[in-house]
Amino acid sequence: MKVKKIVELKTQFSFEAPIVSTAKNIAAKEQLKNMLDLNTFLTPSPKEYFLVKVSGESMINEGIYDGDILIVNKNEFPKDGKVVIAALNGEMAVKTYRNIEGTVYLFSANEKFLPIEIKPFWEFEIQGVVKHVIHKL
Amino acid sequence: MEVIEIIGFKPNDEVSHKMPLFEMSVSAGIPIPVESDINSEVDLNEFLVEHPASTFFARVSGLNMQFAGIRDGDILIVDSSVIPQDGKLILASINSDLTVKIFREVDSEIYLESSNHKFLPLNIGELEFNIIGTVTKVIHSL
């Protein structure tokens, strides 16, 4: 996994008036029963999570697109069919984890790549299970 | 029929909450070497929401097909201060029903494109339209 700093945190927000400022809209906003904090919702226990920004198109079949942000839980035990971040012989990849009768396979979302069967002597580790995909429009 | 539930944005400022962010290439499906020396840390409330005062969420349920990359149960981040442009996903109300449509501007006429690719012209007299905001991000939970 190539890692580099990609964001500069914004220190100042600009507050702009909504383009639709109908009374109904504002009233609806104030009466909202449900409120959401993104940190609590996406990463309920911060120490268990990390974020990955993916580049490349090879996970499109899993609904993961170039530039998407993955929210990954590093403590969750992977179950069959889950999308995981896997480290294999020192290399990292986003794959679908399959456990078929005790044998572990890593599937690519791209049909061009055959599933990888994990052999016992391989250096293999699941870095985490992808819990959320955030796609920017 | 899609059901859209509006959820307000209420960041909890009391706890500082920084998540490590890594960048990873999955191009060509071939994994690339691990190099986890530098990372940046982000607060998701700040990282995903540009205008806190005008941002809220819309949870979409009852979708029987994928529409513009949105799947059933996804949470949309909607910013009512972002002026929609052609091809952008918007949250609108039509006769006080909430709906997600693609904003289309053709020859300076505005249309709303729905999942069946029909263009709904905005200048129909009987319908009451409001564009509530532009969808800036989609959160899909696996």
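You'll find the structure just up there.
Along each chain, the written sequence defines residue order, and numbers are assigned to residues from 1. Note on labels: chains are lettered from A, ligands numbered from 1, in written order. Predicted model: local features are reported for residues with pLDDT of at least 70 only, side-chain atom pairs are reported and counted for 80 or more only, and whole-chain, interface and lining totals are derived from all residues.

**Quick notes on the overall build of chain A**
The secondary structure content of chain A amounts to two helices and eight strands. Helix numbers and strand numbers start at the N terminus; a helix is a DSSP run of H or I with at least 4 residues, a strand a run of E with at least 2. N-terminal to C-terminal, the α/β element order of chain A is α-β-α-β-β-β-β-β-β-β. Exposure is read from a count of other C-beta atoms within 10 Å of each residue's own; the residue is exposed at 12 or fewer, buried at 20 or more and partly exposed in between. C-beta atoms are placed from the backbone. In chain A, buried positions account for 30% of the 137 residues. Think of it this way: build a C-beta for each residue from its backbone, and any pair within 7 Å is a contact. Across chain A, every contact between residues at least 6 apart in sequence was considered, and the portion connecting residues at least 24 apart equals 55%.

**What about the environment of A109(A)?**
Its place among the elements puts A109(A) in the loop between β6 (103-107) and β7 (116-117). With 19 C-beta atoms counted inside 10 Å, the residue A109(A) sits in the partly exposed group.

**Looking at the environment of V60(B)**
Residue and element names in this part refer to chain B. Its place among the elements puts V60 in strand β5 (residues 55-61). For the pair formed by V60 and Q85, sequence separation is 25 residues and the distance between their alpha carbons is 22 Å. Ignoring anything within four residues of it in the chain, the contact list for V60 reads E2, I4, I70, D74, L76 and V100.

**Describing the pairing of strand β6 (residues 75-79) of chain B**
All names here are of chain B. Burial runs high along β6: five of the five residues are buried. Burial of the side chains of β6 extends over both faces: I75, I77 and D79 are buried on one face and L76 and V78 on the other. Of the strand pairs in this sheet, β5 and β6 are connected by five bridges, and their pairing is antiparallel. By the bridge assignment, T55 is partnered in β6 with D79. Being paired, for any two strands, means DSSP has found at least two bridges between them. Bridge count for β6 against strand β11 (residues 129-141) is five bridges, and the pairing is antiparallel. Bridge pairing in β11 links I77 to K137.

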